[in-house]
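Residue-level structure breakdown
The primary structure of each chain is shown beneath.
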Amino acid sequence: MKKLLIVVDYQNDFVTGSLGFEGATALEEPIAAKIEEYRGFGENGQVIFTMDTHDRHYMETQEGVHLPVEHCLEGTDGWQLYGKIAKMKQAHDLVFSKPTFGSYELGEYLHNHADEYESVEFAGVVTNICVISNIAVTKAAMPNVPILLDASCVGSNDPKLQEAAFEVMESIHVEIKR
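Residues numbered from 1 in each chain as written. Predicted model: local features only at pLDDT ≥ 70, side-chain atom pairs only at ≥ 80, totals over all residues. Heavy atoms only, no water.

1. Observations regarding the overall build of the protein
Along its length, the protein carries seven helices and six strands. In the protein, the succession of helices and strands from N to C terminus is β-α-α-β-α-α-β-α-β-α-β-α-β. Scaling as 2.2 N^0.38, a compact globule of 178 residues should have a C-alpha radius of gyration of about 16 Å, and the protein matches this with 15 Å. With respect to the principal axes defined by its C-alpha atoms, the protein has extents near 40 × 35 × 30 Å. (Helix = DSSP H or I, 4+ residues; strand = E, 2+ residues; numbered from the N terminus. Rg over C-alpha atoms; globule rule 2.2 N^0.38 Å.)

Structural data, given as structure tokens:
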């Protein structure tokens, strides 16, 4: 059985770009250490990346209407993984591009491979939006697999909403290391 790490949307636009926030750059080292930890499990470790991915019609989407800030336009620098994390991505790592907060395709993949995993851990941004959305997708896809979260490996532009997200995640049985 494998241990899975899912790195959510640690992309330039969420770190230093149009939706960057204070503290996002400080997540680089903890996330890198977490990726190294999972690489250290050898065949029993796996890393998956999600990437927020929009096109030139973003402003016409429901998200674009409610959050009218262009970001993560596919192929742009803002869409790329940030800094050291980009260099740590390996060719065999799965990447799920997603046009909204949670990834339906990630959920399908996890549902079809649930029996391969002993646990799933999350890292990345934004805790109260995309991280919690993908955790909910994962919980639905594999309800009997423990979901873990190291609070030092996630971040939000709003500390109060991040704390609220932690409380909601704990209520759906996510094990949070604070």
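2. As for the nonpolar core
If you look at the biggest cluster of nonpolar residues, it comprises 28 residues, and the most contacted ones within it are Ile6, Leu110, Phe122, Ile135, Met142, Leu149 and Met169. Mapped by element, the contributors of at least two residues to this core are strand S1 (2–8), helix H5 (104–113), strand S4 (117–125), helix H6 (127–141), strand S5 (147–155) and helix H7 (159–171). It is H6 that contributes the most residues to this core, five residues altogether. Filtering out sequence-adjacent residues up to four positions away, Met169 remains in contact with Thr127, Ile132, Ile135, Leu149, Val174 and Ile176. Counting 26 residues, the second largest nonpolar core, distinct from the first, contains Phe21, Ile31, Met88 and Ala123. (Core = buried A, V, L, I, M, F, W, Y, C linked by side-chain atoms within 4.5 Å. Buried < 20%, exposed > 50% of the residue type's maximum accessible area, 1.4 Å probe, protein only. Contact = heavy atoms within 4.5 Å.)

3. Concerning the environment of Gly102
Within the element layout of this structure, Gly102 appears in the loop between strand S3 (94–98) and H5. Between the C-alpha atom of Gly102 and that of Thr138, which follows or precedes it by 36 residues, the distance is 9.4 Å. Ignoring anything within four residues of it in the chain, the contact list for Gly102 reads Ser133, Asn134 and Val137.

4. Observations regarding the pattern of salt bridges
Counted according to the given criterion, the structure contains 10 salt bridges. Lys84 is the partner of Glu29 in a salt bridge, and the nearest nitrogen-oxygen pair spans 2.9 Å. Of this pair, Glu29 sits in helix H2 (residues 28–39) while Lys84 sits in helix H4 (residues 83–88); the two residues are 55 residues apart in sequence, bridging distant segments of the chain. Of the charged contacts, one joins Asp52 and Lys98 as a salt bridge, the two residues approaching to 3.6 Å between their closest N and O atoms. One end of the pair, Asp52, is in strand S2 (residues 45–52); the other, Lys98, is in strand S3, and 46 residues separate them in sequence. Both residues of the pair, Asp52 and Lys98, belong to the buried class. Taken together, the shared-partner salt bridges in this structure form one network comprising Lys34, Glu37, Glu121 and Asp150. (Salt bridge = Lys/Arg side-chain N within 4 Å of Asp/Glu carboxyl O.)

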